Structures are given as C-alpha cells and as structure tokens.
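Below, each chain spelled out in residue letters.
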Amino acid sequence: MSFFEKMKQGASDAAKKAQQTVETTRLRTQISSKEREVEKAFLLIGECVYQAHASGSWKKSEREVLAYCDHINQLRQGIQAIEQKIKQAKNEKECRCGKVVTIDVKFCPVCGFQFEDLQRAEETDEAIQVMCRSCRNYNEVGAKFCAHCGTVI
C-alpha cells in the first residue's frame, strides 16, 4: 500500500470514528433528557402522595400515581432502546452475562455464550418478546430474569 493510500485510509477511519462519536453524543443527550423526565415524574408522584396524605384520601391519587408509574416505565424502555442504538453505532453488542463485545464475535470470551446470527436474532426480537409480570418491560425470549427489575419471568 502506498503512502497516499495509507493516508486516505487513515482519513477515512478518522471520519468514521468522528461520525460514530457525534451519533453517540446525540443519543446520550436523548438519554439525559429522558432521565430528567423520569426524575420529574418521581417528584410528581411524591407530590400526589403528599396531597393524598394531606387530604386523607389515598384513593384519589392512586390513578395519578399509576399514570406516572406507567410513564416512567415507558421512559425507561425508551432509554433501553437508545442504549441499544448506541451499541449498534459503536458496532457492539452485550452478552447475557453483561460483557460488551464487538458485533462480529460469535462466542462471549467471559461466559462462552454463543450468539445467534444477527439476521435470526433481529427476526426473533421483532416477532416475540416476553413481558415481565412485575414491571411490564419486554424481555428476550428465553430470558429467565427481567433485564429491568431482575424478577423471575
């Protein structure tokens, strides 16, 4: 490879890395925004509970609190989806043991888990998901524990 080809390849790699960094930063900003919304919902739940306590009627605030809880669950699912997009932008995937590896790895170097073919995994994720009975988040087929709250599925 000539000097100019090496320079061209280096510039191309740098441009890809810069694009990856910009995309990751944009997605992390979205996560931060959703996390602020979660904090705001927690504050509103606390306010509802206090108002219920002050008025002596817990039933009155129950519906509002449940609505805020559902909103928090939706925000957390959105955060999980964005975190997956960050991994995709970085060409990474996460093993069930928690180890983050490059997208082309077929076996986890920590636990030995065999990753499915990417195409087959995408079809499965879109077709079937298991909902946690505790927090109502969706999990992968075959998951024994909820990825969000840790409850046995």
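The following refers to the structure shown. Note that the structure is predicted; figures quoted are calculated from it, not measured.

1. What to know about the overall build of the chain
Stage number 1. If you tally the helices and strands in the chain, you get 3 helices and 4 strands.
Stage number 2. Compactness check: the chain gives a C-alpha radius of gyration of 21 Å against a globular reference of 15 Å for 153 residues, more than 25% above the reference.
Stage number 3. Looking at the 153 residues of the chain, the share that counts as buried comes to 18%.
Stage number 4. The contacts of the chain with a sequence gap of at least 6 include a subset with a gap of at least 24, amounting to 31%.
Stage number 5. Just so you have it, the chain exposes about 11,700 Å², and 53% of that area is on carbon and sulfur atoms.
Stage number 6. In the chain, 24 positive and 21 negative side-chain charges are present, and the distance between their average locations comes to 2 Å.

Criteria and thresholds
Along each chain, residues carry numbers from 1 onward, in the same order as the chain's sequence is written. Only residues with pLDDT of at least 70 get local features here, since the model is predicted, and only at 80 or more are side-chain atom pairs given and counted; chain-wide, interface and lining totals rely on the full set of residues. Note that water and hydrogens are dropped before the side-chain values are worked out from all heavy atoms of the structure. Each helix is a run of H or I in the DSSP string that is no shorter than four residues. Each strand is a run of E no shorter than two, and both are numbered from the N terminus. With the radius of gyration taken over C-alpha atoms, the globule rule is written as 2.2 Å times the number of residues to the power 0.38. Burial classification: accessible surface area is computed with a 1.4 Å probe over protein chains only, and a residue below 20% of its type maximum counts as buried, one above 50% as exposed, and the rest as partly exposed. Contacts between residues were defined by any pair of non-hydrogen atoms, one from each residue, lying within 4.5 Å. Per-residue and other accessible areas were derived by the Shrake-Rupley procedure at a 1.4 Å probe size, with only the shown protein chains allowed to occlude residues. The sign given to each residue is positive for Lys and Arg and negative for Asp and Glu; His and the chain ends receive no count. Positions of charges follow a simple convention, taking NZ of Lys, CZ of Arg, CG of Asp or CD of Glu.

Just geometry here; none of it tells us what the structure is for.
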